[in-house]
Structure formats: structure tokens, C-alpha cells
Amino acid sequence: MSDSPYIITVLLAMALVTFALRALPFLAAQWLGRHPWVARLGRFLPLAIMTLLLLHAMHGASSEHAAGPWPELAAVAVVVLLQLKSRNPLLSILAGTGLYVLIRNFGLF
Amino acid sequence: MTLPEQPEASRLSILALTTPVAMGYVPLGSVFGFLFVQAGAEWWLAVLASLCVYAGAAQFMMIPMLAAGLPVGAIALATLIVNLRHVFYGLSLPERMPNQRLLRWYLIFALTDETYSLLTSLPKTVGHRQMAGIALLNQGWWLLGTLLGALIGASAKLPLAGLDFALAALFAVLTVEQWRARRDAFPIWVALLAYGIAQLLAPQQALLIAIVLSILVGLWRKPASAELSGEAKP
């Protein structure tokens, strides 16, 4: 993997593909105007996708160890409860991540 | 999010908002930089990747593919599949995007999972410059991590396992805030079901399949009430 021109070509191709995917809905929005289903998705999608990203991150984390999904579930429960009560994102994230790091490194499960 | 609306507090609040992203991006970025350099590439190519591709999963995916010397077309196709979900991110954002060209195109370019989550949960009072500032800071964290990992090399190993869980915690916070904005738990149940089905169908592409399933449900479902449909056009 020391062939720099090859790597640069690959990086440019990947950059192009990624940018095209990210730009497509914005270009399409100009062509289509405002369809009612875009507004409908705009209300539905953010919470659905956020939940999916959360599930996917939890799944990814739990596949790095053999203790099952319990450390992830415990840490996320702490984050959700703290966030519901305190509305302080930094506090919720630090507490949840701190608990998770403790569990993972000092074997609470 | 608890976001101060006074302009003088905005710089601080942008930094605070991106802090959890930094806690995920700096360690993850350094792992990427480390692995990329370990595979035999120059350190500045790792930085170039984070500068112009800027898509975490695809960047990790390409390391073994580059090492195997796969054709450019094959790697581009794999990137297309891994990043397909980004097509759907823009759907909920167009009305909030800045008209000013440079800001607009940079925001579109920098629309990663995490930046998307932050931007969609911001209050409407947040200006376009602040949105671009958040996106720029996030890419800055990713670049910083990449640079550290590429330069430090062997010593870039994470001291503690699980620090990158900050990203999962960030998604949990944003899920709570998205729910608080509408008090409608239906998308959560749809997402849980869709992810379960997707894991059964194809674990490798679970996220993409689950997003497509959720979109189908979201298209099919009529707005819950007149109040909600009025909210869509501010």
C-alpha cells in the first residue's frame, strides 16, 4: 500500500461518491418542489434514524466483548434517564460513557 | 438540547455541542489514522482521506481493500453501498439549509451521521453560520484524531476500552431530544422493529436496510393531527 497515486485516485473516487450521495436529496428537492411526503418524512425520520443510529452503535459496541448487551443497555438507560430529568447533554453523555468505561474495564458484568 | 440562544454564548455552546462528537471522533479518527499508516500508506494520505472523503465507516472499510489493491471501481461501489444511507439524511433538512453557496455546499459535504444528528436537533433560532461552525468543528475533530493516529503510530492505542461509547451516548441524548420535540414514540417502535428485522435479514447491511424499512413506514403513515402537519411549514 505504498502506491500513492493509486491511493489518491481511490480517495478521490470515494469522495465523489460520498458527496454525490449527500447532495442528491438537496438537488432532488429543487426539482421536485415540496412534495407532502418530504414533509411527512421530515417529521418521522429524525427520531427513527436517531433510534437506529443508537441501536447500531449499541450493537457495534456489544460485539466487541462477550458480556452480552447488558453494559450497553445499562449505560444507555443512565443516559436516557439523566437526559429526561436534567436536559444537560454533556452530563448525560459523560455519566453514561463513564459508567460504560467502568463496566468494560473493571468487569462489573 | 439546552442551547443558549444569546449570540454571545453561541461560540461556547457550539464547542459544547460538538464535545461528545469530539470524544468519539478523536479516538476513532486516531484508530483510522493508525491503521491506515500501519497498512503502509504515507501519513498525509490518511489526513487527505479524512479531509476529502470524511465518512467514518467507508474510511475503515477501504483500508483492507487498498491493501489488497482492488480496482478503483470496486472500492467506489463499496463506498456507494456503505454510504447509501446519507441520501436519506438530506430529506429532513432542505428547509433549514443556508442559501449562501459556500456554507450550503460545505454543510452538504460534511453531513456525517453525527453532524446530521446534531443539526436536526438544533432549535430553529440557530443561525446558518453556527450550523456550518458545528459541521466544521466536527470535521476538525475527525482530522485531529486522524493526524494524531497517523503521527503517533504505535502509541495511539486507546488507554481504556469503551471511550468511543460517547457516540452511542450522544445518539441516546439526541433520541430523547427528538422525542421531546414531538412526544410521538411511533418512530422509535418502527426503528426497533426495523432494526430487528434487518439484523435477521442481513447483519452486514443492518443499518441501511433498517433505514429503508423505516422510510417506507414513514411514507405510508399519514400525519397524526392537523397541529402536527401545520408544524411542518414554519
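Details of the structure are given in the entry above.
Since the structure is predicted, the reported quantities are computational estimates derived from the model, not experimental observations. (Residues numbered from 1 in each chain as written. Chains lettered and ligands numbered in written order. Predicted model: local features only at pLDDT ≥ 70, side-chain atom pairs only at ≥ 80, totals over all residues.)

Caption draft 1: Local environment of the overall build of chain B. Secondary structure summary: chain B contains 12 helices and 0 strands in total. Mapped in sequence order, the helices and strands of chain B form the string α-α-α-α-α-α-α-α-α-α-α-α. Within chain B, buried positions represent 44% of all 234 residues. Long-range contacts, defined as pairs at least 24 residues apart, comprise 73% of the intrachain contacts of chain B with a sequence gap of at least 6. (Helix = DSSP H or I, 4+ residues; strand = E, 2+ residues; numbered from the N terminus. Buried ≥ 20, exposed ≤ 12 C-beta atoms within 10 Å, placed from the backbone. Contact = placed C-beta atoms within 7 Å.)

Caption draft 2: Geometry of the environment of Ala210 of chain B. Mapped onto the elements, Ala210 of chain B comes out in helix α11 (residues 206–220). Since 29 C-beta atoms lie within 10 Å of it, Ala210 of chain B is described here as buried. Residues Ala210 of chain B and Ala191 of chain B, spaced 19 residues apart in sequence, show a C-alpha to C-alpha distance of 7.0 Å. Those residues in contact with Ala210 of chain B that lie beyond four places of it in its chain are Leu52 of chain A together with Ala191, Ala194, Tyr195 and Ala198 of chain B.

Caption draft 3: Expanded view of the nonpolar core. Core analysis: the biggest nonpolar cluster contains 98 residues, and Leu52 of chain A together with Ala168, Ala169, Phe171 and Ala210 of chain B have the highest contact counts within it. By residue number, the principal contributor to this core is helix α2 (residues 36–62) of chain A, which donates 14 residues. Setting aside residues no more than four positions away along its own chain, Ala169 of chain B makes contact with Ala75, Val79, Ser92, Ile93, Gly96 and Thr97 of chain A together with Pro20 of chain B. (Core = buried A, V, L, I, M, F, W, Y, C linked by C-beta atoms within 7 Å.)

Caption draft 4: Fine view of unusual backbone geometry. At Arg87 of chain A, a residue that is not glycine, the phi angle is positive and equals roughly 55°. Counting through the fold element by element, Arg87 of chain A comes out in the loop between α3 (70–86) and α4 (89–106). One non-glycine residue, Arg183 of chain B, adopts positive backbone phi at about 55°. Within the secondary structure, Arg183 of chain B sits in the loop between α9 (165–182) and α10 (186–201). On the neighbour-count criterion, Arg183 of chain B (6 C-beta atoms within 10 Å) is exposed.

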